[in-house]
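A structural walkthrough
The primary structure of each chain is shown beneath.
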Amino acid sequence: MNSTALPQQEQPRQGPVLDIQGLSVAFRSHHQTWTTVLEHFDLRLEQGQATAIVGESGSGKTVAALAVMGLLPGYARVEARRLQAGNLDLLTATPKARRSLLGPTLAMIFQEPRASLNPSLTVGYQLKEAMPRGSTTAAAAALLAEVGMADPRARLRAFPHELSGGMAQRVLIAMALARKPAVLFADEPTTALDVTVQAQILAQLADLQQRQRMAMVFISHDLAVVSQVARHALVLYAGAVVEEGALPELFKHPAHPYTQGLINALPGQGDLQPISGLVPSPGQWPPGCRFAPRCPRASAVCHETLPPWLTADNSRVRCHHPLRP
Amino acid sequence: MTTLVAQGLVRHFPVRGKRVVQALNGVSFAMEGAVTLAIVGESGCGKSTLGRLVSLLDQPDAGTLHLNGQRIAAPGLAKVQPQVRRAIQTVFQDPWTSLNPRLTLGAILDEPLRLMTGGMNPARRREAVMEMAGHLGFAPEQLNRYPHMFSGGQRQRIAIGRALMLHPAVLVLDEPVSALDVSIQAQILALLLRLQRDYHLLMLFISHDLAVVRHIANQVLVLYLGKVMEVGPAAMVLDQPLHPYTKALQQAAPKLRLGAEPLAPHAPLPGDPPSPLDPPRGCVFHPRCPHTIAICRTEIPQPRLLEGRQVACHRAHEWPTEKEPGESATAPGEPGGGEPDRAADA
Ligand SMILES: Nc1ncnc2c1ncn2[C@@H]1O[C@H](COP(=O)(O)OP(=O)(O)OP(=O)(O)O)[C@@H](O)[C@H]1O
Ligand SMILES: Nc1ncnc2c1ncn2[C@@H]1O[C@H](COP(=O)(O)OP(=O)(O)OP(=O)(O)O)[C@@H](O)[C@H]1O
Ligand SMILES: [Mg+2]
Ligand SMILES: [Mg+2]
């Protein structure tokens, strides 16, 4: 079941399946103060497009996905200029209307496959719960086969602890795909898996995404993994996108010094060049460009003013001194 | 010069129902000098079990371990002397749980000196702590801070520094950078390379990340279900693998896609590794191997020296690597065999 590279042409459809503009998320801490963890976040996806969100730990990748899914806790504040999924305006929708999106419009798979399954229920039971009402066992088995599970009939009777990490992740992918979502958020779906199993899951996901013309937001801290599943990526640093563009060009010729720094820090290309210093925590973001204190190209202006977006045809960068025009 | 030799290490864990987890099944290697041996393989293949044996945190059921010619581990061997224990230090994966939260950075670095060296006076100890803090890149005022005030990467630096306070000969690192972001991971790898040179450390580096391993290791040992599939100089084992499992690991490792090649290629191996409770007969890798023939199902392949590395595969001789003319092969364990893939570190 290899990826049959379908052309990424546009199909007639009214507008994007996901449209996020100016999303910001803040959490309330004990002293009733708000700490912003994500700002100025834009993402627009057409049917069948796959994009990736890359960034280091704490940069806000998961929070961005949970905000769209409506799964953040009550002490979170979500604001946006526009937040639309399918045909629903999430900013004005009722909680009930939002919940009804989960499954058919929006679905998500998480990093820890086993923690996301109920240990006391069989795979078959949990999978059928996720499928349209009245789905048959045969349909459930077919869905498991679709995500590359060997011996799907027998697996339906298994409990989560009887599955390997890779098999558990396949079950979760099957559950997420059960209602043919328009948009799939895949949050570090292979980080907990071995490389040989990771390769299986990535090939499967890329194949399903292209065959089902599903939009996918693939979240990972691993640039290599991201480059294997998406043709577009956003680079997040300290709660804000610093650069976005088409792959592989973005990784081949990055414009933002942070993107370049991430690539230079990857082992396997001669000399390693660490980025000096640390990522600032939310609440301690510097004024101006947040990467300025660690940036080898920073000048006075970088420490004072947030850089404007510089836009080219297929990409944009938020930097006062980009590496390329 | 430090030498570390493992011969036929076996570790079996009895579990419920009179069954046995064959975590390690006859592992041998030999190291000499300030070199790094990387232990690679998938989850559950026995990497940490091997690390614990070398760290003397656990005892083998069979086999021996020699440090500088002295036998330091064997079944039923009486307690090792404190100076041997001191010579081998360990750093674990998780920088969040491995440090005592009630001690300051200064106290954490001081603790091994305080507990183990009789007779070092407080002034000398303070000097040694300051020196190590400097090596690790901490400012003197940070010595009064507690672990929760440091980031993950800083905490991993502290754990490494603590392990080096008593100037060990051997440093065992179990997935030391796996929990860290790439920018921080690169800082730690650079630090390890510098400290290895300064302290003449022989390092055992456990990792599942082949790119990291290629950067830091001179020698690589590939484990599968507790058995050595291939061991030898990093440049040979990783760049010109002979064992089908090493090849699959190398192919499966995600590469940064910089050209027009298609997205996620077909996975090189189907399925998961089988259970070490019931390892396959013959070659343990045969159920997943694309090259299995009859003999693989019945006979255990013995390791043999082929093109500069030890490889345990019945068919390894059938696929010779393309070697550059004039390249000299070095046997595993021989000093100087294999250079890590990097320019002289900064
Ligand atoms: N429920 C929460 N309450 C308070 N703060 C939170 C909560 N969830 C996330 N945060 C904070 O929001 C910021 C972004 O977190 P997020 O989980 O999105 O990071 P991430 O990019 O997914 O990182 P990782 O790679 O570690 O998963 C972090 O500083 C995190 O501590
Ligand atoms: N104390 C123990 N009792 C029983 N089984 C054990 C014990 N320690 C380890 N094992 C088993 O031995 C095998 C090897 O474990 P080990 O921790 O060495 O694997 P590993 O290669 O380090 O894996 P990972 O990459 O997941 O850390 C596994 O099947 C494990 O479940
Ligand atoms: Mg996350
Ligand atoms: Mg381990």
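Bear in mind the structure is a predicted one, so any value in this text is a computation, not a measurement.

**A short note on the overall build of chain B**
- Across its full length, chain B carries ten helices and twelve strands.
- Relative to its length of 346 residues, chain B is compact, with a C-alpha radius of gyration of 21 Å against a globular reference of 20 Å.
- Each of the three principal axes of chain B carries a C-alpha extent, and together these read 70 × 55 × 45 Å.
- When burial is assessed residue by residue, chain B has 54% of its 346 residues classed as buried.
- When the accessible surface of chain B is totalled, it reaches about 15,100 Å², and 53% of it is carbon and sulfur.
- Chain B carries 34 positive and 30 negative side-chain charges, and their two centres are separated by 8 Å.

**Here's the deal with the site of ligand 2**
Residues and elements named next belong to chain B.
- Close contacts around ligand 2 come from Phe13, Val21, Ala23, Glu42, Ser43, Gly44, Cys45, Gly46, Lys47, Ser48, Thr49 and Pro276, and that covers them all.
- Residue Cys45 places a main-chain N or O atom 3.3 Å away from an oxygen atom belonging to ligand 2.
- Between Thr49 and ligand 2, the recorded distance is 2.6 Å, taken from a side-chain N or O atom to an oxygen atom.
- Summarising the interface, the protein chains cover 61% of the accessible area of ligand 2, which totals 650 Å² for the free molecule.
- Only β2 (19-32) and α1 (47-54) provide two or more residues apiece to the shell around ligand 2.
- Top element by residues in the shell around ligand 2 is α1. It accounts for three residues.
- A class-by-class count of the residues in the shell around ligand 2 yields five nonpolar, five polar and two charged.

**Some thoughts on the packing of aromatic side chains**
Residues and elements named next belong to chain A.
- Evaluated as defined, the whole model comprises eight aromatic pairs over all chains.
- Centre to centre, the rings of Tyr237 and Tyr258 are 4.5 Å apart; their planes meet at 55°, and the pair counts as tilted. Placement of Tyr237 in strand β10 (residues 232-237) and of Tyr258 in helix α10 (residues 257-264) is noted, with a sequence separation of 21 residues between them.
- On the basis of relative accessibility, which here comes to 0%, the residue Tyr258 falls in the buried class.

**Concerning a nonpolar patch on the surface**
Residues and elements named next belong to chain A.
- Side chains of Leu71, Leu102 and Phe110 sit close together on the surface and give an oily, nonpolar patch of about 220 Å² of accessible area.
- Along the polypeptide, Leu102 turns up in the loop between α2 (95-101) and β7 (106-109).
- Assessed through its relative accessible area of 30%, Leu102 is described here as partly exposed.

**Details of the interface of chain A and chain B**
- Chain A puts 46 residues into the contact, and the matching count from chain B is 40 residues.
- Roughly 3,600 Å² is buried in total at the junction of chain A and chain B, and carbon and sulfur atoms are behind 59% of that figure.
- Run the count over chain A and chain B and you get zero salt bridges.
- Where chain A touches chain B, the interface holds 16 residue pairs in polar contact (both at pLDDT 80 or more).
- Secondary-structure elements contributing two or more residues to the side of chain A that touches chain B are α6 (165-177), α7 (195-211), α8 (223-229) and α9 (249-252) of chain A.
- No other element matches the ten residues that α7(A) contributes to the side of chain A that touches chain B.

**Thoughts on the pattern of salt bridges**
- Evaluated as defined, the whole model comprises 15 salt bridges over all chains.
- Residues A:Asp19 and A:Arg82 are paired through a salt bridge, measuring 2.8 Å at the closest nitrogen-oxygen approach. Within this pair, whereas A:Asp19 is found in strand β1 (residues 18-28), its partner A:Arg82 is found in strand β5 (residues 82-85), the two being separated by 63 residues in sequence.
- Residue classification places A:Arg82 among the partly exposed residues on the basis of a relative accessible area of 34%.
- For B:Arg214, the salt bridge is made with B:Asp239, and the minimal N-O distance between the two is 2.9 Å. Of the two residues, B:Arg214 is situated in helix α7 (residues 210-216) and B:Asp239 in helix α8 (residues 234-239); the sequence distance between them amounts to 25 residues.
- Judged by its relative accessible area of 46%, B:Asp239 falls in the partly exposed class.

**A word on the environment of A:Glu129**
- Looking at the secondary structure, you find A:Glu129 in helix α3 (residues 123-130).
- With 49 residues separating them in the primary sequence, A:Glu129 and A:Ala178 have C-alpha atoms 9.4 Å apart.

**Points about α7(A)**
All names here are of chain A.
- In this model α7 runs 24 Å from its N-terminal to its C-terminal C-alpha over 17 residues, within 8% of the 24 Å that 1.5 Å per residue would give.
- With 16 of 17 residues buried, α7 is to be regarded as a mostly interior element.
- Within two residues after α7, Arg213 carries a phi angle of roughly 50°, on the positive side.

**So, the side chain of B:Asn25**
- Along the chain, B:Asn25 turns up in strand β2.
- Of the polar contacts made by the side chain of B:Asn25, one reaches the side chain of B:His12; its length is 3.0 Å.

**Digging into the sheet that holds strand β3 (residues 50-55) of chain A**
All names here are of chain A.
- Ordered by their spatial adjacency, eight strands build an open sheet running β7-β8-β9-β3-β10-β11-β13-β12, and the pairing between neighbours is mixed. Of all the strands in the sheet, the pair left with one neighbour each is β7 and β12 (309-311). For this sheet, the mean angle separating the axes of adjacent strands, direction not counted, is 20°.
- Sheet topology places β3 next to β10; four bridges connect them, and they run parallel. Bridge assignment links Gly55 to a residue of β10, and that residue is Leu236.
- Against the sheet, α6 contacts β7 and β8 (183-187), and its axis sits at roughly 175° relative to β7.

**Quick look at the nonpolar core**
- If you look at the biggest cluster of nonpolar residues, it comprises 67 residues, and the most contacted ones within it are A:Leu144, A:Leu184 and A:Phe218.
- In terms of residue count, α6(A) provides more of this core than any other element does, eight residues in total.
- In this structure, A:Phe218 is in contact with A:Thr51, A:Ala52, A:Ile53, A:Ala186, A:Pro189, A:Leu202, A:Leu205, A:Val225, A:Val226 and A:Val229, ignoring residues within four places of it in sequence.
- Membership of the second largest hydrophobic core comes to 66 residues, among which are B:Ala133, B:Ile216, B:Leu238 and B:Tyr245.

**A look at the sheet that holds strand β12 (residues 309-311) of chain B**
Residues and elements named next belong to chain B.
- Within the open sheet, the eight strands sit side by side as β6-β7-β8-β3-β9-β10-β12-β11. Their pairing is mixed. Two strands bound the open sheet, and with one partner strand each, they are β6 (88-91) and β11 (304-306). Taken pair by pair, the neighbouring strands of this sheet meet at an average axis angle of 20°, ignoring direction.
- Bridge analysis of β11 against β12 gives three bridges, and the strand direction is antiparallel.

**Structural notes on the pairing of strand β3 (residues 36-40) of chain B**
Residue and element names in this part refer to chain B.
- A large share of β3 lies buried, amounting to five of its five residues.
- Residues Thr36, Ala38 and Val40 line one face of β3 and the alternating positions Leu37 and Ile39 line the opposite face, and both faces are buried.
- Sheet analysis places β3 next to strand β8 (residues 202-206), joined by four bridges and oriented parallel. Paired with Ala38 across the bridge in β8 is Phe205.
- Direction of pairing for β3 relative to strand β9 (residues 219-224): parallel, over a ladder of four bridges. Looking at β9, one finds that Leu37 is bridged to Gln219.

Calculation notes
Residues numbered from 1 in each chain as written. Chains lettered and ligands numbered in written order. Predicted model: local features only at pLDDT ≥ 70, side-chain atom pairs only at ≥ 80, totals over all residues. Heavy atoms only, no water. Helix = DSSP H or I, 4+ residues; strand = E, 2+ residues; numbered from the N terminus. Rg over C-alpha atoms; globule rule 2.2 N^0.38 Å. Buried < 20%, exposed > 50% of the residue type's maximum accessible area, 1.4 Å probe, protein only. Areas by Shrake-Rupley, 256 points an atom, 1.4 Å probe, with all protein chains shown as cover. Lys, Arg positive; Asp, Glu negative; His and termini not counted. Charge placed at Lys NZ, Arg CZ, Asp CG, Glu CD. Near = heavy atom within 4 Å. Polar contact = N/O pair within 3.5 Å; in protein donor to acceptor, adjacent residues only side chain to side chain. Nonpolar A, V, L, I, M, F, W, Y, C, P; charged D, E, K, R; others polar. Phe/Tyr/Trp six-rings, centres within 6.5 Å; stacked < 30°, edge-to-face > 60°. Patch = residues over 30% accessible without salt bridge, like charges linked within 9 Å, V, L, I, M, F, W, Y side chains within 5 Å. Salt bridge = Lys/Arg side-chain N within 4 Å of Asp/Glu carboxyl O. Contact = heavy atoms within 4.5 Å. Buried area = accessible area lost by both parts, 1.4 Å probe. Expected span 1.5 Å × (residues − 1). Pairing = 2+ DSSP bridges. Axes fitted to C-alpha atoms, helices over the stretch in contact; angles between N-to-C directions. Core = buried A, V, L, I, M, F, W, Y, C linked by side-chain atoms within 4.5 Å.

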